[in-house]
Number of protein chains: 2
Amino acid sequence: MLLGGIEAGGTKFVCAVGDDSGRIINKISLPTVDPEETIKAVREFFNTYSIEALGVGSFGPIDLDVDSETYGTILNTPKTKWKHYDLLGNLKRAFQVPVYLDTDVNAAALGEYKYGVASDVKSCLYITVGTGIGAGFVQDGKTYIGKNHPEMGHIFVQQREDDTFAGSCPYHGACLEGLASGTAIEKRYGQKGVSLSDKEEVWELEAYYLAQAIVNYTMILSPEMIILGGGVMKQENLYPLIREKVLELVNGYVEIGSRSEFIVAPGLADEQGVKGALALTFGE
Amino acid sequence: MLLGGIEAGGTKFVCAVGDDSGRIINKISLPTVDPEETIKAVREFFNTYSIEALGVGSFGPIDLDVDSETYGTILNTPKTKWKHYDLLGNLKRAFQVPVYLDTDVNAAALGEYKYGVASDVKSCLYITVGTGIGAGFVQDGKTYIGKNHPEMGHIFVQQREDDTFAGSCPYHGACLEGLASGTAIEKRYGQKGVSLSDKEEVWELEAYYLAQAIVNYTMILSPEMIILGGGVMKQENLYPLIREKVLELVNGYVEIGSRSEFIVAPGLADEQGVKGALALTFGE
Ligand SMILES: Nc1ncnc2c1ncn2[C@@H]1O[C@H](COP(=O)(O)OP(=O)(O)O)[C@@H](O)[C@H]1O
Ligand SMILES: Nc1ncnc2c1ncn2[C@@H]1O[C@H](COP(=O)(O)OP(=O)(O)O)[C@@H](O)[C@H]1O
Ligand SMILES: [Zn+2]
Ligand SMILES: [Zn+2]
C-alpha cells in the first residue's frame, strides 16, 4: 500500500511517497509559489504512484476545527496568495483519496514520535525555533489539536529586566515569538543568528526565553520529552544553556527527570515533517 | 447503581453518593485533618451505601503517572501529614471498588462539562483562582493529565512594568500563582482581596495577569470555553476586565468567538468538584 505525505511549508513543499512502515520510496522538494502552481506540481509528483491516502502537515495558521465552515483553509497568513486557500478541499479534489490534515509542527512531532528520538516515550512536544516559533504535541500516537491549533508560539513570558527590545511580533510585540524567534534575533541585533555564534550573551538571553516557554508548556501539557528543532537550534550551545535554565526555573516544583533526556535535539534531521505527514494517514 | 465522589481539598473533603445521571443522593463535608482520621470519616459516610465505584478529585500535587511507583500518592505538599500519603491505595483498600483518581481542578472541569456551563461545548478549561491558582482541562469528555499534571498555575507571564512585587510563590516568586493568587493579593497589599473590592487598580492588575494566563492556555490547549472560579473570582467585576484584556492581548491572532461565551463563571456553584468526581467513575 502506497501512501503520500506532504510537509507543506511557507518556503517549500516536501512531498514523499512511502509505505505504512514509514519507509520513503521517493521524495521531492518543490518551491512554495502560488497555490495553483504549487498544487499542480504536487499533483504531477504523486500521479506516478497510486497512493491510497495523503497526510499533510501544513504551515498556518490553518483552520483545523472540523465543525468550522472553513475547515482545512489557510487563515491569516502574510503569504497573501495562500490566505483563505482551501488546501484540504483542493487536495481532496486533486487526489480523490482520504486526506489527513494537521499543522506542520504536529506532523514533525508525530514523525519524531513514530520514527525518531521520541519513539520510546508516550508523549512529546516538538518546538521549532526558526523564522517563527511553533510547537506540536503528540500523546499516545495522536496529535493534539483542540478547538483550533494556534501553534503555541505566541505565548507571554517574562521579559528579562535588562532587555528593552520591543519584540518583533506584529500581533503582540514581545510575545515568545516576538522575543526569541530567528526574526526577533535578527531585529534585536541587526544581524542574523548565524553570525552571532560567538556572542555568549545572545544565547544566554535566547535560552532565558526558550526555557520559560518550555516550563509553561510543561506545566500545562506535561510532555514526557521536549524536542527542540528549527534553524536557531543549530546553535548547539543552546541545549545545555536551556536545560540548565529550565531546571533553575522549575526549582523542584515538578519532577522532570533527566535533563538531557527531557530536552533533546530532533532525531530525524530534516525528515520528521514529511515522515510525520505520512504517519498522519495511519491512525484512524 | 450507586457511585461515590470525593472532592478531596486541603481544607475539606466533600463526599457524595450519587447515580450515573449526576444526581446527588447524599452529601457531606468533612474537615481535612490528618489522613487516617479523614479517611476514617470518609469511610463511615460511604459505608451506609453500597457504592460500586469511587471517583476522587484531589488536591495536589499528586502523582498521576500510572507508570510511576508512587502513582496515586500525594507529593510535595506543605500539608506535611499528607506528604507521601498513598491516597489511591488507601481508598482502594478501604472500599474494595474501582477508584478513579484525578486532580481537583480536572474534576471541577469535568463537572462543569457534564452538568454545568460547559455542557454544550466539546472542551473546557476550568481555572480556579483561590489560595493558589490551578486549572483542569476536559476535551470530548476526558480529563487531560499528561505525564503528570502540574495543575498549570505555575507558569511564567509578563510582569507589569510598574509592578515591583517579588511574588508569593515559594518555588518561583513571580510566577502566575505568585503574582495573582489570593495569597499573592494578600501579600502585595497587606490585606485580603475581599476588603479591596473598591480598589479598581487591584482588579486591573489582577485581570492583567489572568488575561495573559488565559491567552497562554488558549494558545496551547485551545479550549472552546474558559471557566473562571475560586474565591478571588467572587470579585465579579473581574470577568469584564479579563474579557477585555484577553481580546486586547490576542489582538486578532486567533478567533476566540464571543468573549462573554468564551470566558464565563462556573455554572454549578460549589458542586462542580464533587459532581465531576462522581463523573470520573463513568468513562472507561
Ligand atoms: N546557525 C544558525 N544560528 C542561528 N540562527 C540560525 C542559524 N541558521 C538559521 N538560523 C535562523 O533560523 C531561521 C530560519 O529557521 P528555519 O527553521 O531554517 O526556517 P523556517 O522557520 O522558516 O521553516 C532564520 O531566522 C535564521 O536566521
Ligand atoms: N470576595 C472576595 N474577593 C477577593 N478575594 C476573595 C474573596 N473571597 C475569597 N477570596 C480569596 O480567595 C482565596 C480563597 O479561595 P477559595 O477558592 O475559596 O479557596 P481554596 O483556593 O483554598 O480552595 C483567599 O485568598 C481569599 O482571600
Ligand atoms: Zn505574537
Ligand atoms: Zn510558582
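Everything below is about the structure shown above.
Owing to the predicted nature of the structure, the values given are computational and were not obtained by experimental measurement.

A short note on the site of ligand 2
Residue and element names in this part refer to chain B. Neighbouring ligand 2 are Gly-130, Thr-131, Gly-182, Thr-183, Gly-193, Val-194, Trp-203, Gly-230, Gly-231, Val-232, Lys-234 and Gln-235. Within the side chain of Thr-131, a nitrogen or oxygen atom sits 2.5 Å from an oxygen atom of ligand 2. The protein chains hide 66% of the 570 Å² of surface that ligand 2 would expose on its own.

Structural notes on the coordination of the zinc ion (ligand 3)
All names here are of chain A. Coordination of the zinc ion (ligand 3) by the protein is provided by His-154 (ND1), Cys-169 (SG), His-172 (ND1) and Cys-175 (SG), with metal-donor distances spanning 2.0 to 2.3 Å. The site at the zinc ion (ligand 3) holds four donor atoms, and with the angles between them running 102 to 121°, its shape is tetrahedral. Expressed as a motif, the donor residue spacing for the zinc ion (ligand 3) is H-x14-C-x2-H-x2-C. For His-172, a relative accessible area of 12% corresponds to the buried category.

Side note on the pairing of strand β2 (residues 12-18) of chain B
Put simply, side chains in a regular strand alternate between the two faces of the sheet. Residue and element names in this part refer to chain B. Of all seven residues that make up β2, six are buried, and the element is covered over most of its length. Relative to β2, strand β1 (residues 3-8) is paired through six bridges, and the arrangement is antiparallel. Of the residues in β2, the one forming a bridge with Ala-8 is Phe-13. In sequence, β1 turns back onto β2 through a hairpin of three residues. In this sheet, strand β3 (residues 24-31) lies alongside β2 in antiparallel orientation, the contact comprising seven bridges. From the neighbouring strand, Ala-16 faces β3, where its bridge partner is Lys-27. Between β2 and the antiparallel strand that follows it, β3, lie five residues; Gly-22 among them carries a positive phi value of about 90°.

Looking at the pattern of salt bridges
Under the defined criterion, the tally for this structure stands at 22 salt bridges over all chains. Its salt-bridge partner being B:Asp19, residue B:Arg23 comes within 3.3 Å of it at the nearest N-O pair. A relative accessible area of 14% places B:Asp19 in the buried class. B:Lys147 is the salt-bridge partner of B:Asp65, the closest N and O atoms lying 2.7 Å from each other. With a gap of 82 residues between them, B:Asp65 in the loop between β4 (54-58) and α2 (87-95) and B:Lys147 in the loop between β8 (142-143) and α4 (176-180) connect regions that are remote in the sequence. By relative accessible area, B:Lys147 is classed as partly exposed at 31%. Three or more residues joined by partner-sharing salt bridges are found here, namely A:Lys27, A:Glu271 and A:Lys275.

About the thresholds
Residues numbered from 1 in each chain as written. Chains lettered and ligands numbered in written order. Predicted model: local features only at pLDDT ≥ 70, side-chain atom pairs only at ≥ 80, totals over all residues. Heavy atoms only, no water. Near = heavy atom within 4 Å. Polar contact = N/O pair within 3.5 Å; in protein donor to acceptor, adjacent residues only side chain to side chain. Areas by Shrake-Rupley, 256 points an atom, 1.4 Å probe, with all protein chains shown as cover. Donors = N, O, S within 2.8 Å, 3.2 Å for Na, K, Ca; no water. Tetrahedral: all angles 85-135°; square planar, octahedral: opposite > 155°, others 65-115°. Buried < 20%, exposed > 50% of the residue type's maximum accessible area, 1.4 Å probe, protein only. Helix = DSSP H or I, 4+ residues; strand = E, 2+ residues; numbered from the N terminus. Pairing = 2+ DSSP bridges. Salt bridge = Lys/Arg side-chain N within 4 Å of Asp/Glu carboxyl O.

None of this, on its own, says anything about what the molecule does.
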